[in-house]
Amino acid sequence: MSAVFALVIFPGGVFILLAGMLYEWVDRKLVARFQNRVGPRWFQPLADTVKLLAKEEVVPDGVNAQLFVVLPVIALAGALTAVLYVPVFGLAPSFSFSGDLIVTIYMLSLLTLCMGLAGANTLNRFSLLGATRTLTQLFSYEAPFLLALLGPAIVAGSWRISTIADYAAGHWLILTQPIGFAVALIGLMGKLELPPFDAPEAETEIVAGALTEYSGRGLALFHLGKGVELVVGLTLVAAFYLGGVTNPLWFAVKTLALLVGLAGVQTLLTRLRIDQTVGLWWRYGALLVLVQFLALILWEGVIA
Amino acid sequence: MQVPIMPAKGEKFIIPIGPQHPALKEPGHFEFSVDGEVVTGASLRLGYVHRGIEKGTEGRNWVQTLYLLERICGICSHVHATAYCLGVERLAGVEAPPRAQAIRSLVAELERIHSHLLWLGVAAHEAGFDMLFMHSWRDREIVMNLLEGLTGNRVNYSANVLGGVKCDIDARQTDAILAGLEHLEDRTRHYLTVVTSDVMFLRRTRGIGVMTKDVAEKLGVVGPTARASGVARDVRLNAPYAAYDRYPVELITATAGDLEARFIVRVQELFETYRVIRAILADLPEGELTVRMPRRIKEGETISRVEAPRGELFYFIKSNGSDTAERVKVRTPTLPNMASVLTLAVGHQLADMPMILAGIDPCFSCNDRMIVVRDPAGRGAHWTWDDLREYGIEYYR
């Protein structure tokens, strides 16, 4: 019974969806204020979702209809599954096993993968181009992002998220692994396709990218999935690098502080072209995090 | 929706931009054939917002036509009216008083600020730099308020009448304009720093869309687009009109010819504009605002050229001695500049296309016109209203 409760109500399910919308609002509001705009009202993401869910879902010609309908569901399910292994709201993860870090990262990538497939599934040229860009971007940030999250795992000596989080609660790893922290945070922006990594959905070039053909329910589910992923990603980074999220207050303070940082970066920077994104990640991101990784391995294996 | 046919091997993959597309604020249709992300070919179709204004002038008298022509462009409405008034005054052998000419130049320069700030925002938005977009549009409000205080309108100022101007300027308005300029100059200095030093932004502008001076001369581009390629072309200097011989403008050019140069030229033109406005306000001639215009204009034809914010604006006006223009022909600066987009597009990334397009500051509805090169239906050179209507229905079917 408690398993069902964890899955459907808290911390997974309803609560995390609401939290996702809340975080999306905070992000939008902050960016708007930084840009000297008024920004959305607090319930705007919820209103958007309700409105989209109530709308007809138009399945365009020339797509595999089953795939078209099922992809947003898989994407959201992946994001919601990831929640169960992460200490959201400052609570211990609902489920935990050795190696759940890898599963969580995979579940988070599922959303991006589904978006890529959704774009490639349609005949729309903007979607096809958006899908190509989404997947190209996935390949560029994924490895550095993974390595950045494995840094804390190595010093904690475990690939179980709860163990790493317990270890990190006593150590501010941002001080010992600053590169890992930066790469993880920027990798999260790439994952969520936030500016400056929004080339896959650059509206002035390819309209809405991979999701151009989506309307109604499918679009709402993808958006919800992104909101959930935002919360999960922020939780992971805060738990691993910012001295842990051991109670709800710390969770709120630390994740929201990270979100302020994200909003600032989004506001300040110009969109990167997709070739620039790939170049940035493989030339700097991957190399830097590898250097840090080597240093960690040497420290753990040779000196300590 | 029609199912697009997937390109077979060797066929081109075409990305359509427009007629409805978030990158375009007005309808136009671009087809970019791409190889991956690299553009290999570009074609253009205009004419989605043809409004028949030139034809419309034939049914109106000289005064009514002024108000119609002012609505060709929502951003640079004043230069259209100025070009028309100067042309008609020349035909009638009348010259507006010096104070009116100075106020014409003043409003034109205020309008240039408004247009350039608007462009700065749009171009930054095309690059995904919304911070600059929002801030430059916020500052644009200042100059729009100044224009409203001066003429009563935020757009379509309607400052001109045939034979002069409608609005005078008093000490209070002068102070308001000077105070506004003070703030704007400060902000413009900041924008110049941003467009020349923001590393991320420069990655999207430096070396992108380079047009050499030769190409610019060959394509006949005008305005800031030409000046960014080192072409010294500005009607305010080459053929001073209104009060520009009294308050001379200095030419701003750059040699790089890339997008960065187009940003720099436009932003630096703002400083020059501030200087000219201050000079006009400091030395405004006294006197009447209007002279009497005849209702019927003598038979004859003339051309009238002014420097719109986007480049040279060209009017041809022909009178047959009645109270109605026989022919008014308008060439807006977007038309000569459009060819440069297609030329520059090839070889660039698809992501650069919105920037290159925005780089010329296009204005589609000002530019759209109908030219019959070959009459497919075998009709005569004269088209009746019914012919046009039928053609329009067929065209958009």
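This one's a predicted model, so the numbers in the text were calculated from it and none came from an experiment. (Residues numbered from 1 in each chain as written. Chains lettered and ligands numbered in written order. Predicted model: local features only at pLDDT ≥ 70, side-chain atom pairs only at ≥ 80, totals over all residues. Heavy atoms only, no water.)

Draft legend 1. Main features of the overall build of chain A. On a plain count of helices and strands, chain A comes out with 13 helices and zero strands. Seen in sequence order, chain A has helices and strands lined up from the N terminus as α-α-α-α-α-α-α-α-α-α-α-α-α. Against the 2.2 N^0.38 benchmark of 19 Å for 304 residues, chain A shows a C-alpha radius of gyration of 19 Å, consistent with a compact globule. Judged by the C-alpha coordinates and their principal axes, chain A covers about 60 × 50 × 40 Å. Within the span of chain A, comprising 304 residues, buried residues form 57% of the whole. Summarising the internal contacts of chain A: among those between residues at least 6 apart in sequence, 78% fall at separations of at least 24. (Helix = DSSP H or I, 4+ residues; strand = E, 2+ residues; numbered from the N terminus. Rg over C-alpha atoms; globule rule 2.2 N^0.38 Å. Buried < 20%, exposed > 50% of the residue type's maximum accessible area, 1.4 Å probe, protein only. Contact = heavy atoms within 4.5 Å.)

Draft legend 2. Up close: the overall build of chain B. When its secondary structure is counted, chain B shows 15 helices and eight strands. For 397 residues, the compact-globule estimate of 2.2 N^0.38 gives 21 Å, and chain B sits close to it at 22 Å. By principal-axis analysis of the C-alpha atoms, chain B measures approximately 75 × 60 × 35 Å. In chain B, which comprises 397 residues, the share counted as buried stands at 57%. The long-range fraction of contacts in chain B, counting pairs at least 24 apart against all pairs at least 6 apart in sequence, stands at 69%. Counting every atom, chain B has about 16700 Å² of accessible surface; 53% of that belongs to carbon and sulfur. Separation between the mean location of the 47 positive side-chain charges and that of the 50 negative ones in chain B comes to 3 Å. (Areas by Shrake-Rupley, 256 points an atom, 1.4 Å probe, with all protein chains shown as cover. Lys, Arg positive; Asp, Glu negative; His and termini not counted. Charge placed at Lys NZ, Arg CZ, Asp CG, Glu CD.)

Draft legend 3. Local environment of the interface of chain B and chain A. Contacts between chain B and chain A engage 35 residues on the former and 28 residues on the latter. Across the chain B to chain A interface the summed buried area is about 3000 Å²; carbon plus sulfur atoms make up 61%. Among the residues chain B hides against chain A, the three largest losses belong to Met131(B), Met200(B) and Arg203(B). Together they make up 18% of the total. The tally of links from chain B across to chain A stands at two salt bridges. Where Arg273(A) meets Asp352(B), a salt bridge forms, and the shortest distance between an N and an O atom there is 3.3 Å. Summed over the shared surface of chain B and chain A, the number is six residue pairs in polar contact (both at pLDDT 80 or more). Elements with a contribution of two residues or more to the side of chain B that touches chain A: β1 (13-17), α4 (98-126), α5 (130-151) and α7 (199-205) of chain B. Counted by class, the side of chain B that touches chain A contains 21 nonpolar, six polar and eight charged residues. (Buried area = accessible area lost by both parts, 1.4 Å probe. Salt bridge = Lys/Arg side-chain N within 4 Å of Asp/Glu carboxyl O. Polar contact = N/O pair within 3.5 Å; in protein donor to acceptor, adjacent residues only side chain to side chain. Nonpolar A, V, L, I, M, F, W, Y, C, P; charged D, E, K, R; others polar.)

Draft legend 4. Seen up close, unusual backbone geometry. Residue and element names in this part refer to chain A. Residue Pro196 follows Pro195 across a cis peptide bond; omega there is 5 degrees. Among the structural elements, Pro196 can be located in the loop between α9 (178-191) and α10 (203-206). One non-glycine residue, Asn36, lies in the positive phi region at around 65 degrees. With respect to the element layout, Asn36 can be found in the loop between α2 (14-34) and α3 (44-54). One non-glycine residue with positive phi stands out, namely Val207, at about 60 degrees. Within the fold, Val207 resides in the loop between α10 and α11 (216-241).

Draft legend 5. Inspection of α9(A) at higher detail. Residues and elements named next belong to chain A. Given a rise of 1.5 Å per residue, 14 residues ought to cover 20 Å, and the 20 Å separating the end C-alpha atoms of α9 matches this to within 8%. Along α9, 10 of the 14 residues are buried, which leaves the element largely enclosed by surrounding structure. Listed in full, the buried residues belonging to α9 are Gly180, Phe181, Val183, Ala184, Leu185, Gly187, Leu188, Met189, Gly190 and Lys191. Residues of α9 that are buried sit in contact with α5 (100-121), α6 (125-156), α8 (173-176), α11, α12 (248-268) and α13 (274-303). (Expected span 1.5 Å × (residues − 1).)

Draft legend 6. Main features of the packing of aromatic side chains. Throughout the structure, instances matching the rule amount to 15 aromatic pairs over all chains. Considering the side-chain rings of Tyr85(A) and Phe97(A), the 5.5 Å spacing of their centres and the 85 degrees angle between planes classify their relative orientation as edge-to-face. Residue Tyr85(A) is located in the loop between α4 (65-83) and α5, and its partner Phe97(A) is located in the loop between α4 and α5; the two are separated by 12 residues in the primary sequence. Under the relative-accessibility criterion, Tyr85(A) is labelled buried at 13%. Relative to Tyr241(A), the ring of Phe181(A) has its centre 5.9 Å away and its plane inclined at 65 degrees; by these criteria the two rings are edge-to-face. Here Tyr241(A) lies in helix α11 and Phe181(A) lies in helix α9, a separation of 60 residues in the sequence. A single burial state applies to Phe181(A) and to Tyr241(A), both of which are buried. Members of the aromatic cluster, connected to one another through ring pairs, are Trp119(B), Phe129(B), Phe201(B) and Phe263(B). The ring of Trp250(A) has Lys254(A) lying over it, and the distance from NZ or CZ to the ring centre is 4.4 Å. The lysine or arginine in question, Arg266(B), covers the ring of Trp119(B), its NZ or CZ lying 4.2 Å from the ring centre. (Phe/Tyr/Trp six-rings, centres within 6.5 Å; stacked < 30°, edge-to-face > 60°. Lys NZ or Arg CZ within 6 Å of the ring centre and 35° of its normal.)

Draft legend 7. The arrangement of the packing of α4(B) against helix α6 (residues 171-197) of chain B in detail. Residues and elements named next belong to chain B. Between α4 and α6, whose axes approach to 13 Å, the crossing angle comes to 30 degrees. Along this stretch, α4 crosses α6, giving a crossing that reads as left-handed. Residues Leu110, Ile113, Leu117 and Leu120 of α4 lie in contact with α6, whose contacting residues are Ile177, Leu181, Leu184, Tyr191 and Val195. Its residues placed into classes, the contact of α4 with α6 shows nine nonpolar, no polar and no charged. (Axes fitted to C-alpha atoms, helices over the stretch in contact; angles between N-to-C directions. Left-handed = near helix turned anticlockwise from the far one by under 90°.)

Draft legend 8. Quick peek at the environment of Glu217(B). You can see Glu217(B) is positioned in helix α8 (residues 213-219). Once the C-alpha coordinates of Glu217(B) and Val231(B) are considered, the two residues, 14 residues apart in sequence, prove to be 7.2 Å apart.

Draft legend 9. Region of the structure containing the sheet that holds strand β2 (residues 29-35) of chain B. Residues and elements named next belong to chain B. The antiparallel open sheet is built from three strands, whose spatial order is β1-β2-β3. Unpaired on one side and paired on the other, β1 and β3 (38-45) mark the two borders of the sheet. Strand after strand, the sheet turns through a mean of 25 degrees between neighbouring axes, direction not considered. Lying over the sheet, helix α12 (residues 334-345) contacts β2 and β3, oriented at roughly 160 degrees with respect to β3. (Pairing = 2+ DSSP bridges.)

Draft legend 10. Spatial organisation of the sheet that holds strand β6 (residues 300-308) of chain B. Residues and elements named next belong to chain B. Overall, antiparallel pairing links the three strands, which are arranged β6-β7-β8 in an open sheet. Looking at which strands have only one partner, the edges of the open sheet turn out to be β6 and β8 (325-331). The sheet shows a mean angle of 15 degrees between the axes of neighbouring strands, direction not considered. Strand direction decides the pairing type here: strand β7 (residues 311-319) and β8, joined by six bridges, are antiparallel. What sits directly across from Lys318, in β8, is Arg327.

Draft legend 11. Highlighting the environment of Trp62(B). Residues and elements named next belong to chain B. Relative to the assigned elements, Trp62 resides in helix α2 (residues 62-70). Trp62 sits in the buried class, given a relative accessible area of 2%. With near-sequence residues (within four places) excluded, Trp62 lies in contact with Tyr84, Val88, Leu162, Arg295, Ile297, Ile317, Lys318, Ser319, Ser322, Asp323, Thr324 and Ala325.

Draft legend 12. A look at the confidence of the model for chain A. Confidence along chain A averages 86 in pLDDT terms, with 100% of residues attaining 70 or more. The secondary structure element of chain A with the lowest average pLDDT is helix α1 (residues 2-8) of chain A, at 74, and the one with the highest is α3(A), at 92. (pLDDT = per-residue confidence, 0-100.)

Draft legend 13. Summary view of the nonpolar core. Ranked by internal contacts, the top residues of the largest apolar core, which has 116 residues, are Phe30(B), Tyr84(B), Ile113(B), Ile177(B), Tyr315(B) and Leu350(B). Among the elements that line this core, the one with the most residues is α4(B), at 15 residues. Residues contacting Ile113(B), with those up to four places away along its chain left out, are Val143(B), Leu181(B), Leu184(B), Leu270(B), Thr273(B), Tyr274(B) and Ile277(B). Membership of the second largest hydrophobic core comes to 64 residues, among which are Phe89(A), Leu110(A), Ala184(A) and Val237(A). (Core = buried A, V, L, I, M, F, W, Y, C linked by side-chain atoms within 4.5 Å.)

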